[in-house]
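One-letter residues, chain by chain:
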Amino acid sequence: MLEIYNSYSKKKETFKPVAEGKVNIYTCGPTVYSNAHVGNFSAFLMADVLVRYLKYKGYDVKWVMNITDVGHLTDDNEVTDDGEDKLEAASKRENKTVWEIARHYEDLFMGDIRTLKLFPADKYPRATEHVEEMIEMIKILQQKEVIYETSDGVYFDISKFKKYGKLSGNDIEALQAGSRVEINEDKRSAYDFALWKKLTGKNEKHIMQWDSPWGTGFPGWHIECSAMSKKYLGETLDFHTGGEDNKFPHHESEIAQSETANCKPFANYWMHKSRVIVNNEKMSKSLGNFFTVQDLLKLGYTPESIRFTFVSVHYRSKLNFTEEKLVESQKSIDKFNDFIQFLIKSEETVENSSISSIIKSTKQQFEKAMDDDLNVSGALAPLFGFMKSIRKQINSSGISAKNKDEILHFMKSINSIFEVFDFEEKKEKKLSISDQKTVEELIKKREQFRSEKNWVEADKVRDELNKMGVKIEDKK
Ligand SMILES: [Zn+2]
């Protein structure tokens, strides 16, 4: 039984799908105005692990992640419905059209998704291609009399949705009392959020624009997720996931829109990825601790080590991301891969009756931990002991071809979630003379770093050697 911490009820609940055997998942995707950073990816990877584990458990999973390519304003998170459209700001900065910006960063995002081996979602709908559905939903909300029109847009009246604030734990009245956000004079409450923005004032020259019953303009940010999740996954989602910073106002507003329009619960389980900090500090461009996937690849880290750093830590614990963590991740992955090579290359002799029971008990521990709110670190821990016992069995009693298949099958099933192991048999190769020279130089360089206690650089050199097929072992 899978237990999930539901950030809506704020407790662990046993997962029960809306439809037997099927799971639908909606994840708030990127706003494509710049490169997604590792904090964004940590939230997408949380969803990826969820998707993969549900598949592992045999569910028929349908996963949708949207692409926000319009309507997300630079101040949206401050609840002002103000600021500049993030894409328009990027368009000025980079001297490209908004459409070029959107497609360019969407392409880069899709590239990063492949690099980090996220399971492909069933659909990546673009907001700009679903404005019609958004207008339809705003019309429904209008019939229900929960919205009002001002000179600059159409707003949702949050006083008409009593549960507004429940997900994020915000008491709206208290917020309003202490609010310092500049109130748009026409708005009834500073926290009423925009469904539609008209082409007036600051938005007069907004490039992406559509006709609507409320005049030409563009949709607000929140309405896209309500409209697109309904179109592709129906009125009640099993899971809705996102980053912690999406909780308010974005997810809160999605709930208000969808539940008012559909008269049904919007999502049965909400999952939020805790914010990632980098080198013990909040990630920000000004602190220079802002990493994109491409930045890390350029520094020489493997996609696997980046992926593993995020998927091997529980999503609700605060990850302090450091380069040392990437090095550690690579070491763990190497341990698994060394074991796989050892296994593939070990001689097939006799049937070993202990193998099945070792696998069985490890599998039980693994699933027990994963069933406990995707406790990945608890699930990985028994695998190190597992590798040790199997090695011992092979060395003392040998294994048969059938045993080997069984072990490999188990390792592959684990990898269907973590996706970082390498099952390809590595042939030992002879180094050329020039390679030998390079290897000698690299070893010297590494020794230098080690004597300076510069472990990060030393490990990088070791990884470089590993890539050449040279394994370094430090012995006393
Ligand atoms: Zn969303």
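Up top you'll find the structure we're talking about.
Residues numbered from 1 in each chain as written. Predicted model: local features only at pLDDT ≥ 70, side-chain atom pairs only at ≥ 80, totals over all residues. Heavy atoms only, no water.

Engineer: Sorry, what's going on with the nonpolar core here?
Structural biologist: Where a protein is soluble and globular, its nonpolar side chains tend to be buried together. Membership of the largest hydrophobic core comes to 133 residues, with the highest contact counts inside it found for Phe156, Phe239, Leu374, Phe386 and Phe418. There are two domains that each give this core at least three residues, and those are domain 1 (17–273) and domain 2 (281–418). Core analysis: the second largest hydrophobic core is formed by nine residues, Phe449, Val461, Met468 and Val470 among them. (Core = buried A, V, L, I, M, F, W, Y, C linked by side-chain atoms within 4.5 Å. Buried < 20%, exposed > 50% of the residue type's maximum accessible area, 1.4 Å probe, protein only. Domains from an automatic or database assignment.)

Engineer: Just to check I follow, could you spell out the pairing of strand E1 (residues 3–6) for this structure?
Structural biologist: Walk down a regular strand and you will see the side chains alternate between the two sheet faces. Burial along E1 is one-sided: Ile4 and Asn6 are buried, and none of Glu3 and Tyr5, which face the opposite way, are. Pairing geometry for E1 and strand E2 (residues 11–14), over four bridges, is antiparallel. Bridge pairing in E2 links Tyr5 to Lys12. Hairpin remark: E1 followed by E2, antiparallel, with four residues in the connecting loop; positive phi at Lys10, about 60°. (Helix = DSSP H or I, 4+ residues; strand = E, 2+ residues; numbered from the N terminus. Pairing = 2+ DSSP bridges.)

Engineer: Would you take a moment to explain the coordination of the zinc ion for this structure?
Structural biologist: Coordination angles at a metal have ideal targets, namely 109.5 degrees for four tetrahedral donors and 90 or 180 degrees for six octahedral donors. Around the zinc ion, the protein contributes the donor atoms Cys28 (SG), Cys225 (SG), His250 (NE2) and Glu254 (OE), which lie 2.1 to 2.4 Å from the metal centre. One can describe the donor arrangement at the zinc ion as irregular, given that its four donor atoms subtend angles of 76 to 132° at the metal. Mapping the donors of the zinc ion onto the primary sequence gives the spacing C-x196-C-x24-H-x3-E. In this pair, Cys28 is assigned in the loop between strand E3 (22–27) and helix H1 (38–56) and Glu254 in helix H7 (residues 247–262), connecting sequence segments 226 residues apart. The pair Cys28 / Glu254 is uniform in exposure class, with both members buried. (Donors = N, O, S within 2.8 Å, 3.2 Å for Na, K, Ca; no water. Tetrahedral: all angles 85-135°; square planar, octahedral: opposite > 155°, others 65-115°.)

Engineer: Explain the environment of Thr322 here, please?
Structural biologist: Considering the arrangement of structural elements, one finds Thr322 in the loop between strand E13 (320–321) and helix H10 (323–345). As a C-alpha pair, Thr322 and Asn280 span 42 residues in sequence and 8.4 Å in three-dimensional space.

Engineer: What exactly am I supposed to notice about the sheet that holds strand E6 (residues 153–156) here?
Structural biologist: Working definition: the strands of a sheet are paired by backbone hydrogen bonds and lie parallel or antiparallel to each other. Strand order across the open sheet formed by four strands is E5-E6-E7-E8, with antiparallel pairing between neighbours. A single partner strand is all that each edge strand has here, and the edge strands are strand E5 (147–149) and strand E8 (217–219). Taken over all neighbouring pairs, the strand axes of this sheet differ in orientation by 20° on average, direction set aside. The sheet contact formed by strand E7 (residues 193–198) and E8 spans three bridges and is antiparallel. Within E8, the residue paired with Lys197 across the bridge is Phe218. Here H7 sits on the sheet in contact with E6 and E7, set at roughly 85° to E7. (Axes fitted to C-alpha atoms, helices over the stretch in contact; angles between N-to-C directions. Contact = heavy atoms within 4.5 Å.)

Engineer: Honestly, the pairing of strand E9 (residues 237–243) in this entry has me stumped. Any pointers?
Structural biologist: Burial runs high along E9: seven of the seven residues are buried. Of the strand pairs in this sheet, E3 and E9 are connected by three bridges, and their pairing is parallel. Of the residues in E9, the one forming a bridge with Tyr26 is His240. By the bridge criterion, six bridges tie E9 to strand E10 (residues 267–273) in an arrangement that is parallel. Residue pairing in the sheet places Leu237 in a bridge with Ala267 of E10.

Engineer: Is there a simple way to think about the pattern of salt bridges in this case?
Structural biologist: Side chains that carry opposite charge are capable of pairing whenever their charged atoms lie near each other. Applying the stated criterion across every chain yields a total of 33 salt bridges. Note that Arg103 and Glu106 form a salt bridge whose closest N and O atoms lie 3.6 Å from each other. A residue pair is termed a helical-turn pair when its members lie 3 or 4 positions apart in one helix, as Arg103 and Glu106 do in helix H3 (residues 98–115) at three residues. Note that Lys117 is salt-bridged to Glu304, the shortest N-O span being 3.2 Å. Of this pair, Lys117 sits in the loop between H3 and helix H4 (131–143) while Glu304 sits in helix H9 (residues 303–311); the two residues are 187 residues apart in sequence, bridging distant segments of the chain. Its relative accessible area of 32% is what places Lys117 among the partly exposed residues. (Salt bridge = Lys/Arg side-chain N within 4 Å of Asp/Glu carboxyl O.)

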